[in-house]
Amino acid sequence: MRTITVTENGVSVQFDVHSFGQGAPRVFFTAGVHGDEVTGVYVAQKLIERLAEHPPLRGRVDVIPTVNTASMRCMQRRCPFDNVDLNRVFPGDANKSISHRLAQAVWRETEGADYLVDLHCCGAHGLPYFLSVYSEAERIRELMGRITLPIAVHSDGTEGQLFLKAARERNQAACIIELPGGGGNGAVNLPVAGQCLAALTDLLRSFGMLPGEVEGEAPTFYGAPLDAECGGAGLWMPVVKMGETVCEGQVIGTLDNKPVLAPASGMATSVRPAAYVRAGNLWVMTYAVPEQLPSEI
Ligand SMILES: [Zn+2]
């Protein structure tokens, strides 16, 4: 294990890099880029324990279990020293504030990886899913096809994200896994963590890096997730459950006892629980439409 220290004007942050095995392929896992997304951190720590017991049969695995240690210490998304969102400033800059320098250090560490998987957390009311620009490169799609979580979605990402820069500027196969949060305040969602750890174990098995057969099923590829709104403020009561397939025009819930209809057909990946929705946040459901193969268009 190596510890990398990054400093700026009397402020310093550190992160640990755990490396197992050598050679190719090289698979890199990062977690805790956002300091409050701790279910991903927990998964990375469990993966380190597993790899310490069972070193790779071939190739190399690197894990940074907590990239943004200062943010995690404060249990917040952004760095407490400069209030920067680390996953908006990759590949980083050695002449800017501490987050930019940290990004550059992580960028350098991950440089030689063939595959890069960045573990994050999403809202508490959804299913786990993973995302990348899989239509842009076959190697990305190949990586995602090896991760045995059910829902792979397309996302154009946001400028400055680690996975996006890695995919586009360094031609790496990179993706983000989004795990439902455990309720905040440092809570870990254990069932989801177990599901993710099994999928990452399958990923390493698929390369022959860990013993055993792949146990899970390959994912279904979807387009970009879309949000459905309920059209106004009031009392929202859901009818559909996450994971259900909805058809365009189907009643997905009610707002003040009036039906709210699905705007399109797809799979409900996230459904808002019963809630008084307000004007500033009318979101009630996120859905994903299965990828259309060329023969179907
Ligand atoms: Zn995140």
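Described in the following lines is the structure provided in the data block. (Residues numbered from 1 in each chain as written. Predicted model: local features only at pLDDT ≥ 70, side-chain atom pairs only at ≥ 80, totals over all residues.)

### Focus on the overall build of the protein
A tally of regular secondary structure across the protein gives 6 helices and 17 strands. The C-alpha radius of gyration of the protein comes to 20 Å, within 12% of the 19 Å expected for a compact globule of 297 residues. Principal-axis analysis of the C-alpha atoms places the extent of the protein at approximately 60 × 45 × 35 Å. In the protein, buried positions account for 44% of the 297 residues. (Helix = DSSP H or I, 4+ residues; strand = E, 2+ residues; numbered from the N terminus. Rg over C-alpha atoms; globule rule 2.2 N^0.38 Å. Buried ≥ 20, exposed ≤ 12 C-beta atoms within 10 Å, placed from the backbone.)

### Considerations on the nonpolar core
Nonpolar side chains in soluble globular proteins tend to be buried together. Counting 84 residues, the largest nonpolar core has F130, F163 and C175 as its most contacted members. Three or more residues apiece are contributed to this core by two domains, here domain 1 (2-220) and domain 2 (225-296). Apart from residues lying up to four places away in sequence, F130 is in contact with M144, I147, L149, A152, C175, I176, I177 and E178. (Core = buried A, V, L, I, M, F, W, Y, C linked by C-beta atoms within 7 Å. Domains from an automatic or database assignment. Contact = placed C-beta atoms within 7 Å.)

### Observations regarding the pairing of strand β8 (residues 173-180)
Judged by how many residues are buried, β8 sits mostly within the fold: 8 of 8 residues are covered. For strand β5 (residues 115-122) and β8, the ladder comprises 8 bridges, and the chain directions are parallel. Note on β8: the bridge partner recorded for L119 is I177. (Pairing = 2+ DSSP bridges.)

### So, the sheet that holds strand β9 (residues 220-222)
The strand order across the open sheet built from 9 strands is β1-β2-β4-β3-β5-β8-β6-β7-β9, with neighbouring strands paired in mixed fashion. Across the chains shown, the open sheet's two edge strands, defined by having one partner strand only, are β1 (2-8) and β9. Adjacent strand axes in the sheet meet at a mean angle of 25°, parallel and antiparallel pairs treated alike. Judged from the 7 bridges that link them, β1 and strand β2 (residues 11-22) form a sheet pairing that is antiparallel. Bridge pairing in β2 links V6 to V13. Along the sheet face, helix α5 (residues 162-169) touches β3 (26-31), β5, β6 (129-132) and β8 and points at about 160° away from the line of β8. The strands touched by helix α6 (residues 190-206) within the sheet are β3, β4 (59-64) and β8, with β8 carrying the most contacts at an inclination of about 160°. (Axes fitted to C-alpha atoms, helices over the stretch in contact; angles between N-to-C directions.)

### Remarks on the sheet that holds strand β17 (residues 283-288)
Two modes of strand pairing occur in sheets, parallel and antiparallel, and in both the strands are linked by backbone hydrogen bonds. With respect to topology, 4 strands assemble into an open sheet ordered β10-β17-β15-β12, the strand pairing being antiparallel. Edge positions in the sheet fall to β10 (226-229) and β12 (245-246), since each of these pairs with one other strand and no more. Pairing between strand β15 (residues 266-271) and β17: 4 bridges, direction antiparallel. The partner of V271 across the bridge, within β17, is M285.

### Quick word on the environment of Y134
Here Y134 lies in the loop between β6 and α4 (138-145). Its 24 C-beta neighbours within 10 Å are what place Y134 among the buried residues. Separated by 22 residues in sequence, Y134 and G112 place their C-alpha atoms 20 Å apart. What Y134 contacts, discounting residues up to four positions off in sequence, is I140, R141, M144, A152, H154 and F221.

### Section: unusual backbone geometry
Note that the residue after A24, namely P25, is joined by a cis bond; omega there is -5°. Take P25: it is sitting in the loop between β2 and β3. Following F90, the chain continues to P91 via a peptide bond in cis, the omega torsion being 10°. Inspection of the secondary structure assignment puts P91 in the loop between α2 (69-73) and α3 (98-109). Of note in this structure, N9 is not a glycine but carries a positive phi near 45°. Residue placement: N9 occurs in the loop between β1 and β2. With 8 C-beta atoms packed within 10 Å, N9 lands in the exposed category. One non-glycine residue with positive phi stands out, namely N83, at about 60°. Residue position: N83 is located in the loop between α2 and α3. The exposure class assigned to N83 is exposed, which follows from the 11 C-beta atoms found within 10 Å.

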